[in-house]
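Summary of structural features
Below, each chain spelled out in residue letters.
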Amino acid sequence: KHYGGLDALTDVNLVARTGERRAIIGPNGAGKTTLLNIITGEVTPTEGTICLGDRDVTDLSVHKRVNLGMAYTSQSNNLFDSLNVLENVCLAVQQHLGIFRQLLRFSGAVEEVVDSAVGLLDLVGLAAVQKQRTSTLSYGQQRALEVALALATEPKILLLDEPTAGMSPAETEEMVELISKLPRLLTLFIVEHDMDVVFRL
């Protein structure tokens, strides 16, 4: 990726097979987030190819890549703060299942959606706070909720951009445990500055 005369990324060749866990490390400004943004489609590469399985996805939009099995949690919060925890996940599940007519309404009557959402909240350790308003969650809980939203798309590959940044030691420990519990067939790319987290995962 080139920005005028600046080479943000050069000669990157990265392959991950099903279930592999890869950490992308380096100092600030090294291009780690740019790499994730190119993989997810947020940024268009100047040259090169991005493949998901055998499929070239270089020219596909973000949502088309998500539909093919790619999920991403960024450093910034992408939650609906005015909704409760369960409602946030239900919306993500509804979107994935293609239940568009009910997308803007809480889907309490849709058993499949609620069951799936509750299962995801249990996986990330938030089942006990599912009725709590999202804005009242701790920072670590909000990051865990973002992982649940990503998992609602049933991804083949999950990209996590600094999942423990800004967390207390206790929150970091909870996030490491959460990531460790993710399905082994899920391929992970993790950008992380905490080398202890990197080596543990």
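In the block above lies the structure referred to throughout.
Criteria and cut-off values
- Residues numbered from 1 in each chain as written.
- Predicted model: local features only at pLDDT ≥ 70, side-chain atom pairs only at ≥ 80, totals over all residues.
- Heavy atoms only, no water.
- Helix = DSSP H or I, 4+ residues; strand = E, 2+ residues; numbered from the N terminus.
- Rg over C-alpha atoms; globule rule 2.2 N^0.38 Å.
- Buried < 20%, exposed > 50% of the residue type's maximum accessible area, 1.4 Å probe, protein only.
- Contact = heavy atoms within 4.5 Å.
- Areas by Shrake-Rupley, 256 points an atom, 1.4 Å probe, with all protein chains shown as cover.
- Lys, Arg positive; Asp, Glu negative; His and termini not counted.
- Charge placed at Lys NZ, Arg CZ, Asp CG, Glu CD.
- Phe/Tyr/Trp six-rings, centres within 6.5 Å; stacked < 30°, edge-to-face > 60°.
- Lys NZ or Arg CZ within 6 Å of the ring centre and 35° of its normal.
- Expected span 1.5 Å × (residues − 1).
- Polar contact = N/O pair within 3.5 Å; in protein donor to acceptor, adjacent residues only side chain to side chain.
- Pairing = 2+ DSSP bridges.
- Axes fitted to C-alpha atoms, helices over the stretch in contact; angles between N-to-C directions.

To continue, consider the overall build of the chain. When helices and strands are counted, the chain shows seven helices and eight strands. Computed over the C-alpha atoms, the radius of gyration of the chain is 17 Å, within 12% of the 17 Å expected from 2.2 N^0.38 for a compact globule of 201 residues. Considered along the principal axes of its C-alpha atoms, the chain spans approximately 50 × 40 × 30 Å. A buried classification covers 46% of the 201 residues belonging to the chain. For the chain, restricting intrachain contacts to residue pairs at least 6 apart in sequence, the fraction spanning at least 24 positions comes to 66%. As displayed, the chain has an accessible area near 10,900 Å², and 51% of this comes from carbon and sulfur atoms. Distance between charge centres in the chain, computed from 17 positive and 25 negative side chains, equals 5 Å.

The next thing to look at is the packing of aromatic side chains. Counted according to the given criterion, the structure contains zero aromatic pairs. Positioned above the aromatic ring of Tyr 3 is the side chain of Lys 1, whose terminal nitrogen or guanidinium carbon lies 5.1 Å from the ring centre.

For helix α3 (residues 85-97), spanning 13 residues, the distance from its first C-alpha to its last is 19 Å, which sits close to the expected 18 Å at 1.5 Å a residue. For α3, the complete set of buried residues consists of Val 85, Leu 86, Asn 88, Val 89, Cys 90, Leu 91, Ala 92, Val 93 and Gln 94. Buried positions along α3 lie against α4 (111-123) and α5 (139-151). Here α3 starts with a cap whose side-chain oxygen sits 3.0 Å from the backbone nitrogen of Leu 86, and that cap is Asn 84. Of the residues flanking the end of α3, it is Gly 98, one or two places downstream, whose phi is positive at about 80°.

Our next topic: the environment of Pro 27. Relative to the helices and strands, Pro 27 resides in the loop between β3 (21-24) and α1 (32-40). You can call Pro 27 exposed: its relative accessible area is 59%. In this structure, the C-alpha to C-alpha distance between Pro 27 and Phe 199, residues 172 residues apart in sequence, is 17 Å.

Here we take up the pairing of strand β8 (residues 187-191). With five of five residues buried, β8 is to be regarded as a mostly interior element. Residues of β8 alternate between two faces, with Thr 187, Phe 189 and Val 191 on one and Leu 188 and Ile 190 on the opposite face, all of them buried. Looking at chain direction, β3 and β8 are connected through four bridges and run parallel. Note that in β8 the partner of Ile 24 across the bridge is Val 191.

One open sheet holds the four strands; their spatial order is β3-β8-β7-β6, and the pairing between them is parallel. The two strands at the open ends of the sheet, each matched to only one other strand, are β3 and β6 (70-73). Adjacent strand axes in the sheet meet at a mean angle of 15°, parallel and antiparallel pairs treated alike.

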